[in-house]
Amino acid sequence: MLKIEKGDVFLFRPLRKPFKPSEVKKRRIESRLQKVQPDKDALKQSVNPALDYNIELMKKLFAETSDFVVRQFHFGSNREIRVGLVFIDGLVDQTSISESIFKPFMMQTLEGDSELLPEDPYQMILNWLVTFYSIKEEVEIGKLLDLLLAGFAILFIDGSEKALAIEVKGWDARSIEEPAAESFVRGPREGFTETLRTNTALIRRRIRTPNIRFDMLQVGTVTKTDICIVYIDGLVNPKLVTEVNNRLQRIDTDSILESGYIEDFIRDNYRTPFSLLDRTERPDKVAGSLLEGRVAIMVDTTPFVLIAPAIFSEFLQSPEDYYESHDYIRPFRWIALLLTLTLPSFYVALTSFHQEMIPTSLALSMAVGRAGVPFPAVVEAFLMEVTFDFLREAGTRMPRSVGQAVGVVGALVLGQAAVAASIVSPLMVIIVALTAIASFLIPNYSASIAIRFLRYPMLLLAGTFGLLGIFWGLMFLLLHLSSLRSFGIPYLYPISPSVPGEWKDVFYRAPWWAMDKRPLLFRSPNERRQAKGQRPEPPVKNGGDEGSGKQKGD
Amino acid sequence: MFVSVLFVLLVGVGVAYYEIPKLMQQEQKRELIVFACFLLIGLALALALSLNLPIPNPTAAIEFIFDPLVRLLYPG
Amino acid sequence: MGIEQGKISNRQALLLICNSILASMILISPALLTQEAGQDAWISILIAGVLGVLMGILVISLGLRFPQKNLVEYSIELLGPWLGKAVCIIFALFFLYLTAYLIDSFSALLITETKPETPIVVLNTFLIILVAYGVYLGLEVFSRVNEIIFPIFIVVFLFIFCLAVPEMDFEQLKPIFTHPPSHILWGSLILFSFYAEGAFILMLIPSLRESSGVRKIAGTVSVILTVVMLIDVVGLIALFGSQETARMAFPSFELAKTVHLGGFLERIESLVVGIWVGSVSLKIMAFYYVSVLTFAEVFNLKDYRPLVLPYAIILVVLSIIGWENTTHINIFLSRYYPLLAVTVLAGLTLLLYLVFVGRKSGNKGGKVK
């Protein structure tokens, strides 16, 4: 097996430092930020003892938008304590607000318990009145503002220099559903949702170790999106975590609306159709990757979680492979990959350059099929492939009911009628259909897009140079793939640099008891997963049903 | 012939356009000089080829140098 | 150490050397060998195998004297700046020439076998684009691709060979020892000139992860290559007879043409061309890389990459003007090329090694760098 040396310079290699702006540009950037962010001085100041001042400031910041709610009221036996509650409607849970804030305040006030009247109303409210479990004390207006926007309710108290932020977050969210893009037969049917906290809980439920870490940071100067770096301390290489963190810190943008934004910012190489980070909606897949010593990046407001680093062979793996034993589908996926990439171009190369390679009987029937077709094979193939891509895209974007109609149009009108009108040959239709089906065998959507895109250049090469062009293209692709790295990990690992010991998870899936080590190249400090020699077998001596039963007792 | 000359020149400009800004940015003077020499040699050869001018053939030179040795040693 | 090139493992180095020697040897040399030694060609192969081991030991022991330095650095140290650089430029020019010739032989194969309508300039440029891309990506990348391609190359070769076995007649190998020893020796010299190309590794020794394990490589490479060549040449003679093999331009390729499988798999030689595109382009990449790297080191550049594209233009021209026709190639390869390769590669290595040994014994007792 390949020994990996310690001094591998490229491992977890950092990205190039971002371009340093000049002074002029810096000022321009600042003015850009100023337009979308409130006045710095207003944010820097701390809570004023005068309640009205605070409330007015908040109102000014939000400029009377409709979902900004201010509720001022008095309480105490003589109604002498004035407080103001601000929150954003829709981000807070209405029951919590009324149950744990309004109710205790109003009730206590009505009872007029004079003993409760304290010297320091703030302490009393903190310790006695607010009946909610999560409270933060803050003094800075800017921080309060961030909390307010994150779904906290802010309680200003007249005469106090601190304000209370009560975590009454609660908004309508999609419940946990089966992910639509990654369907399967066997396996858990939970998918991530748009709420980060729910997603972290889904991971926690699967991996019950205190060592699992959810490091939070915020990216996006306007959207202030929460991003969570997930890893298992002790299984992951600390350098990888540092590198992921550095790459995320490097991002300076106004908005992150989906993990795709992040992916574009932190990938090692942007000049490639292949995605250098894996993404999934499935918690079981994320948990599996974390256990291999990888890092997941969760982004709030999207169910798609990024996994870094990614390797190419993983795009041909589905989590289901690990649940269903003796699955022969892996080799089929590799064949499907090759077919998607080269089948149309092989057809073109064979029909227009190397007719002698086709068996005679097939060549004859092909010639009959192509007899009326007015185009050369390349044009024919291009026509059909483009049509297929149109149909596929139309089918995905349309509502489901219309999508079926698209299928009918594709199959009947474009397929059958085109053959009948001898615009394309019947064999071409078969080839395109086969290619399409093969492309659906690739479980990862973005990998499948990349491969489907690459069949166009392959077609062009096949049309101009024949088989030579196809092999040239494959060679070029192989060079390109070998040059890619994801967080410094060679993309084609473990095929090249080849580690035959790890092919048991590439070309087929070995039983779980045989995969007793974590993938070598993620450099996990804790390499071994499980005890060796757990192959389930009947006892060697005295085979047979009765004997084995007795031996257990011995 | 005209087309091929144009093509050669285009390729030369393309290569220069691709490499020179990078080298200028990194202020690598020596690289720039060596690059320019190689590019000029290449372009001169390519132009000579497309204009059907005679090009010194290394094979002929090698054959000339080794001819006596071959006569001496070659058994056939 | 000079230019940053990435690191390759010993196995990658082994496979890279094997591929860099074998890719053209397996196609070109059988015809040349049988021209000289007829059915006794296998003796030439054995002799060349021994010579190859010797060459490998020489190269590796020179390289391991300076495990952290490449050829340019220590030849300057041994021969002085001017002579050292001159020697290295000869080395680089030799590989430039070799690269051009390989591209030419590649398109020669395509033109004789598949008769494409595309002109030779386009074919050569097409291949050079691929090769230049690989060189631009660097040693690490193309040696990793080689790790995939070379095993496939060997497997396909053996597969086709097994299919051809039923049609072989091993009586054609008799009688043995009918050719004069001088012819057999010349045959092994031809083969040795291919082995000598392995000297390109002199530039790459500092890029090896563990240079200590390199010693084993020399022997392993020779054994692998000798076995493959023996199988190939013996099989070819048994299939076609030595005289017909000698008349063919690319006998190993003709062998693929004779193969039938189950009545439907015919004319698979185009697939063989496909594998060969990969294999030979990797070979060209290795030599192209070494040549460009040597030039970059000689001129003391920080990176070899600026030279890659201008080099590609030079290569296109050189690969076109080299030879008038296949007969010319044939004569050149069987007479002049072996002497050229032996003089430049073996001679250069030997020269450096002798100077090193001389220096070492010269200041015995003093410190040896």
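The coordinates are above.
Here, residues in each chain are numbered from 1, in the same order as that chain's written sequence. Chains and ligands are labelled by the order in which they are written, letters from A for the one and numbers from 1 for the other. Confidence filtering applies because this is a predicted model: local features only for residues at pLDDT of at least 70, side-chain atom pairs given and counted only at 80 or more, and all residues used for totals across whole chains, interfaces and linings. With hydrogens and water set aside, each side-chain value is computed from the structure's full complement of heavy atoms.

Asker: So what exactly am I meant to see when it comes to the pattern of salt bridges here?
Answerer: Oppositely charged side chains can pair when the atoms bearing their charge come close. What counts as a salt bridge is simple: a side-chain nitrogen of Lys or Arg found within 4 Å of a carboxyl oxygen of Asp or Glu. Using the criterion set out here, one finds 36 salt bridges over all chains in the structure. As a salt-bridge pair, Asp516 of chain A and Arg528 of chain A come within 3.5 Å of each other at their nearest N and O atoms. Taken together, the residues span a long stretch of sequence, with Asp516 of chain A in the loop between β12 (489-490) and α18 (545-553) and Arg528 of chain A in the loop between β12 and α18 at a distance of 12 residues. Relative accessible area decides the class of each residue, using a 1.4 Å probe on protein chains only: under 20% of the type maximum gives buried, over 50% gives exposed, and in between gives partly exposed. A residue is classified by how much of its surface remains accessible, and Arg528 of chain A, at 34% relative accessible area, is partly exposed. With its nearest N and O atoms 2.5 Å apart, the salt bridge here joins Lys69 of chain C to Glu77 of chain C. Secondary structure counts use DSSP, requiring at least four H or I residues in a row for a helix and at least two E residues in a row for a strand, with both numbered from the N terminus.

Asker: Sorry if this is basic, but what is going on with the interface of chain C and chain B here?
Answerer: Note: interface size is frequently given as the accessible area lost on complex formation between the parts. On the side of chain B, 34 residues touch chain C, which itself brings 34 residues to the contact. Each partner contributes to the roughly 3100 Å² buried at the junction of chain C and chain B, and carbon and sulfur atoms together form 77% of this total. Summed over the three residues of chain C that lose the most area to chain B, namely Ile313, Ile321 and Tyr336 of chain C, the buried surface amounts to 19% of that side. At the boundary of chain C and chain B, one finds zero salt bridges. What qualifies as a polar contact is a pair of N or O atoms within 3.5 Å, subject to a donor-acceptor requirement within protein and to the restriction that residues adjacent in sequence count only when both atoms come from side chains. Between chain C and chain B we count eight residue pairs in polar contact (both at pLDDT 80 or more) in total. Looking at the side of chain C that touches chain B, the elements that each hand over two or more residues are α7 (181-196), α12 (305-321) and α13 (326-362) of chain C. The nonpolar class holds Ala, Val, Leu, Ile, Met, Phe, Trp, Tyr, Cys and Pro. Asp, Glu, Lys and Arg form the charged class, and all remaining residues, Gly among them, are polar. In the side of chain C that touches chain B, the residues fall into 22 nonpolar, seven polar and five charged. Between two residues, a contact is recorded if the distance between any of their heavy atoms is within 4.5 Å. By buried area we mean the combined loss of accessible area, with a 1.4 Å probe, across both parts when two parts are placed together.

Asker: I'm lost on the sheet that holds strand β6 (residues 212-219) of chain A in this one. Help?
Answerer: All names here are of chain A. Spatial strand order, β6-β7-β9-β10-β8: five strands in an open sheet with antiparallel pairing. Only two strands of the sheet have a single neighbouring strand rather than two, namely β6 and β8 (278-280). Taken over all neighbouring pairs, the strand axes of this sheet differ in orientation by 25° on average, direction set aside. One ladder, built from four bridges, connects strand β7 (residues 225-232) with strand β9 (residues 295-299); its direction is antiparallel. When the sheet's bridge partners are listed, Cys228 is paired in β9 with Met298. Its contacts with the sheet put helix α7 (residues 196-206) on β6, β7 and β9, and the angle it makes with β6 is roughly 160°. A pair of strands is considered paired only if DSSP assigns at least 2 bridges between the two. Lines fitted to the C-alpha atoms define the axes, with helices restricted to the stretch that makes contact. Angles between their N-to-C directions range from 0 to 180 degrees.

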